[in-house]
Amino acid sequence: MREIVVFSGSAHSGLAEQICADLGVELSPVEIHRFSNDCLQVQLQVNCRQRDVYIVQPLVPPTQEHLMELLLMIDAARGASAQQITAVMPHYAYARSDKKDASRISIGGRLVADLLVAAGADRVLTMALHAPQVHGFFSVPVDHLTAIGVLADHFRGTDLTNTVVVSPDLGNAKTATQFARLLGLPVAAGSKQRLADDRVVIDAIVGDVAGKKAIILDDEIATGGSIIELLDRLKDLGCTQAAVACTHGLFAGKAVERLRSHPSITEVISTDTVPRPDGFPELQVSSVSKLFAAAIQRIHDGESVSSLFDGVDPTHAPPQPKLPF
């Protein structure tokens with residue numbers, strides 16, 4: 001069987017090293033050179049011919065820089081006659097640009113998907129896309145992992161008496177419901193309207209939160225605006241305290257300051273799909289490296305990836321023999 005070769009860009013080499021440790025393979029070196037005109041050049045330092053190549057690179061700030069690195073690494077692997085090239089993108093930043101909701105607006109999620117395929121990616125491995133339809137932007141196979149099982153494990157064994165899982169918006173309510181079922185908890189959701197990148201309004205909470213503790217679950221926290229607005233609405237309705245959990249903890253702008261200083265927050269937990277932010281020692285991080293390693297091994301062996309989530313996420317359940325009508 002062809003050999004697994006794993007490369008990493010500069011976005012999150014720590015996660016790539018941990019994935020390789022869990023896989024039992026060495027992380028192969030890459031040389032990235034910047035010319036005087038600011039152009040990048042990539043050279044893969046290990047033979048790729050007829051190998052199964054995996055390139056680990058989440059799209060985190062500086063996002064465009066890391067995207068270009070990824071495209072160049074994919075192109076280099078294709079030029080080196082790799083048997084199969086998989087772009088391992090724990091965080092797909094452009095997933096939030098997934099619809100035309102204003103005149104003459106770009107749809108970056110689809111464009112970046114096209115760029116990856118044009119560069120030579122044969123498949124994509126990612127986690128917690130912002131919206132399910134982004135999966136359909138790709139013309140190559142996509143393995144879409146979920147971290148709700150990892151996040152639920154963090155709360156198992158703790159006192160969950162009188163606790164409710166809360167989604168910041170109705171779009172994330174389905175995932176929050178699945179997460180709540182893993183913990184045997186009720187679920188609530190906010191009705192959110194986004195006014196700007198860092199300004200949101202939550203005008204209602206659907207569900208009973210009065211006198212309860214909350215676990216706020218979101219796919220991504222960037223500036224923290226949605227979380228702070230939700231916490232204020234929960235407090236107005238009599239919610240006593242809240243833990244905050246997310247898959248992609250970007251914590252951009254004033255997010256760290258906002259979350260550290262808010263009196264209602266008991267803890268913040270994220271996964272390591274993106275690098276840990278500076279100045280946030282209280283942040284608890286659960287690793288998803290074992291999930292990515294297991295998925296890579298299953299892709300390499302031609303086995304089911306969705307079976308990793310049996311009993312975790314019904315989205316990945318075996319297909320029904322007959323569609324219900």
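To start, this report covers the structure provided alongside it. Only a predicted model underlies this, so the values are computations on that prediction, with no experimental measurement involved.

1. Notes on the pairing of strand E2 (residues 30–34)
- Two strands pair when backbone bridges link them, and E2 and strand E3 (residues 40–44) are joined in this way by five bridges, in the antiparallel orientation. Paired with Arg34 across the strands is Leu40, a residue of E3.
- Two successive antiparallel strands, E2 and E3, enclose a turn made up of five residues, where Asp38 displays a positive phi of approximately 80°.

2. Regarding the packing of helix H2 (residues 63–79) against helix H3 (residues 108–119)
- One can describe the packing of H2 onto H3 by two numbers: an axis separation of 8 Å at closest approach and a directional angle of 25°. Taken together, the axis directions place H2 and H3 in an arrangement best described as roughly parallel. Two secondary-structure elements touch here, H2 through Leu67, Leu70, Leu71, Ile74, Asp75 and Arg78 and H3 through Val112, Leu115, Leu116, Ala118 and Ala119.
- Residue classes in the contact of H2 with H3 are distributed as nine nonpolar, no polar and two charged.

3. Quick look at the side chain of Ser264
- Within the fold, Ser264 resides in the loop between helix H7 (255–261) and strand E13 (265–271).
- Judged by relative accessible area, which is 12%, Ser264 ranks as buried.
- Setting aside residues no more than four positions away along its own chain, Ser264 makes contact with Leu231, Gln241 and Ala242.

4. Observations concerning the environment of Arg51
- When you line up the elements, Arg51 lands in the loop between E3 and strand E4 (52–56).
- The partly exposed category is assigned to Arg51, whose relative accessible area is 23%.
- Note: C-alpha distance between Arg51 and Pro90 (39 residues apart in sequence) is 22 Å.
- Setting aside chain neighbours within four positions, we find Arg51 in contact with Arg2, Glu3, Val5, Ala82, Gln83 and Gln84.

5. What to know about the environment of Thr86
- Here Thr86 is to be found in strand E5 (residues 84–89).
- A sequence separation of 37 residues divides Thr86 from Arg123, and the C-alpha atoms of the two residues are 4.9 Å apart.
- In contact with Thr86, other than residues within four places in its own chain, are Val53, Tyr54, Ile55, Arg123, Val124 and Leu125.

6. Section: H2
- In this model H2 runs 24 Å from its N-terminal to its C-terminal C-alpha over 17 residues, within 8% of the 24 Å that 1.5 Å per residue would give.
- Within the sequence span of H2, burial applies to Thr63, His66, Leu67, Glu69, Leu70, Leu71, Met73, Ile74 and Ala77.
- Of the surrounding elements, those touching the buried residues of H2 are strand E1 (4–8), E2, E3, E4, E5 and H3.

Conventions and cut-offs
Residues numbered from 1 in each chain as written. Predicted model: local features only at pLDDT ≥ 70, side-chain atom pairs only at ≥ 80, totals over all residues. Heavy atoms only, no water. Pairing = 2+ DSSP bridges. Helix = DSSP H or I, 4+ residues; strand = E, 2+ residues; numbered from the N terminus. Axes fitted to C-alpha atoms, helices over the stretch in contact; angles between N-to-C directions. Parallel < 35°, antiparallel > 145°, perpendicular 65-115°, else oblique. Contact = heavy atoms within 4.5 Å. Nonpolar A, V, L, I, M, F, W, Y, C, P; charged D, E, K, R; others polar. Buried < 20%, exposed > 50% of the residue type's maximum accessible area, 1.4 Å probe, protein only. Expected span 1.5 Å × (residues − 1).

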